[in-house]
Amino acid sequence: MGSSVEPMERRFRCTECGKCCFGLLPLTLDDALKHTGRFPLVVVWTPVRQGTRPFGQAARLGTTVSLGKRKKFAVRVAPTAYIPPSLPCPALYADGLCSIHAEKPSRCRTMPFFPYREESDQAQMLTPRSGWECDTSALAPVVYRDKEIVHHGDFDFELGALVDQAAILGPYADWLLESVPTLREELVKVSKKKSGGHVVVNFSTLLPRLPALDVADFARRKFPVMTAFAAKTAGVPELAEYHRRYRECADELAHLIEARPRAVG
Ligand code: SF4
Ligand code: SF4
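Residues numbered from 1 in each chain as written. Chains lettered and ligands numbered in written order. Predicted model: local features only at pLDDT ≥ 70, side-chain atom pairs only at ≥ 80, totals over all residues.

A word on the sheet that holds strand β7 (residues 148–149)
The antiparallel open sheet is built from 3 strands, whose spatial order is β1-β6-β7. Strands with a single pairing partner mark the edges of an open sheet, and in this sheet they are β1 (9–11) and β7. Summarising the sheet, strand β6 (residues 142–145) and β7 pair through 2 bridges and their orientation is antiparallel. The residue of β7 that forms the bridge with R145 is E148. (Pairing = 2+ DSSP bridges. Helix = DSSP H or I, 4+ residues; strand = E, 2+ residues; numbered from the N terminus.)

Shown next, in the form of structure tokens:
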């Protein structure tokens, strides 16, 4: 009975518990490359069904595609630190604080807001997940009022980076969908799941779209990250898929390093 009315104001304060610093961490392309030697990078593709609220923004920042019986989806295409939900971010101290606070990724600065959704669609992001120790009490400051973010700076900065990188990621996504038919099949599979889902693609697929990148340098810095995560996840049955991906990426990086030996002298 009755209808729920969304509060006009939402309160939120981060208590720096570090509980949200586990699992996948979407990054702007700039942050992904800035932190090459820190995060195990992949590209995460997330279909978003037409008619849902996040569709428009996902289409603007990624691409659109017909999946299954001509159903239209937007696809969020996000460079991502591929960290299992049970493992902490490699930058997280044991006491829950961030060891790279001054240079942490834009995604971490904007939390809990999420610019892959419209500003007017952020209320849901302010409900902490189970186990998170965010303060949403009357003592916490108002951060969202009448569907507008009170302090815009970090949100605008991250959104600006996502809009800029769409010029690279949109054509990349269209090209990969065209070139790799199994990618579309995998997207169809996850698009049918009620709980949603995503498809993980190796970051190497994106390298040809980054002409200014020194690929050999990238590979040399990324290789130890992938091998470290492969070691962390070895022999853990529930992390077997992560382990397989780290190994595969490390092998690809090793080939890139071999193909581009360091200049001598
Ligand atoms: S970079 Fe810092 S704030 Fe961001 S997930 Fe890692 S530990 Fe947390
Ligand atoms: S879970 Fe909430 S309180 Fe804990 S670090 Fe993340 S945003 Fe802050």
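Here the narrative resumes, following the displayed structure.
Let's talk about the nonpolar core
Judged by nonpolar contacts, the single largest core of 47 residues is most densely connected at V43, V75 and M226. Those elements that provide at least two residues to this core are α1 (29–34), β3 (41–49), α2 (55–61), β5 (71–81), α4 (153–179), β8 (199–202), α6 (215–233) and α7 (240–259). Two domains each provide a minimum of three residues to this core, namely domain 1 (9–206) and domain 2 (214–265). Aside from chain neighbours lying at most four places away, what touches V43 is V77, A78, P79, T80, V201, F203, T205 and L206. (Core = buried A, V, L, I, M, F, W, Y, C linked by C-beta atoms within 7 Å. Buried ≥ 20, exposed ≤ 12 C-beta atoms within 10 Å, placed from the backbone. Domains from an automatic or database assignment. Contact = placed C-beta atoms within 7 Å.)

Things to note about the domain arrangement of the protein
In terms of domain boundaries, the protein breaks down into domain 1 (9–206) and domain 2 (214–265). Once you take the C-alpha centre of each, domain 1 and domain 2 turn out to be 24 Å apart. Each partner contributes to the interface: domain 1 provides 13 residues, whereas domain 2 provides 15 residues. Secondary structure elements with two or more residues in the side of domain 1 that touches domain 2: β3 and β8. Among the residues forming the side of domain 1 that touches domain 2, the class breakdown is 8 nonpolar, 4 polar and 1 charged. (Nonpolar A, V, L, I, M, F, W, Y, C, P; charged D, E, K, R; others polar.)

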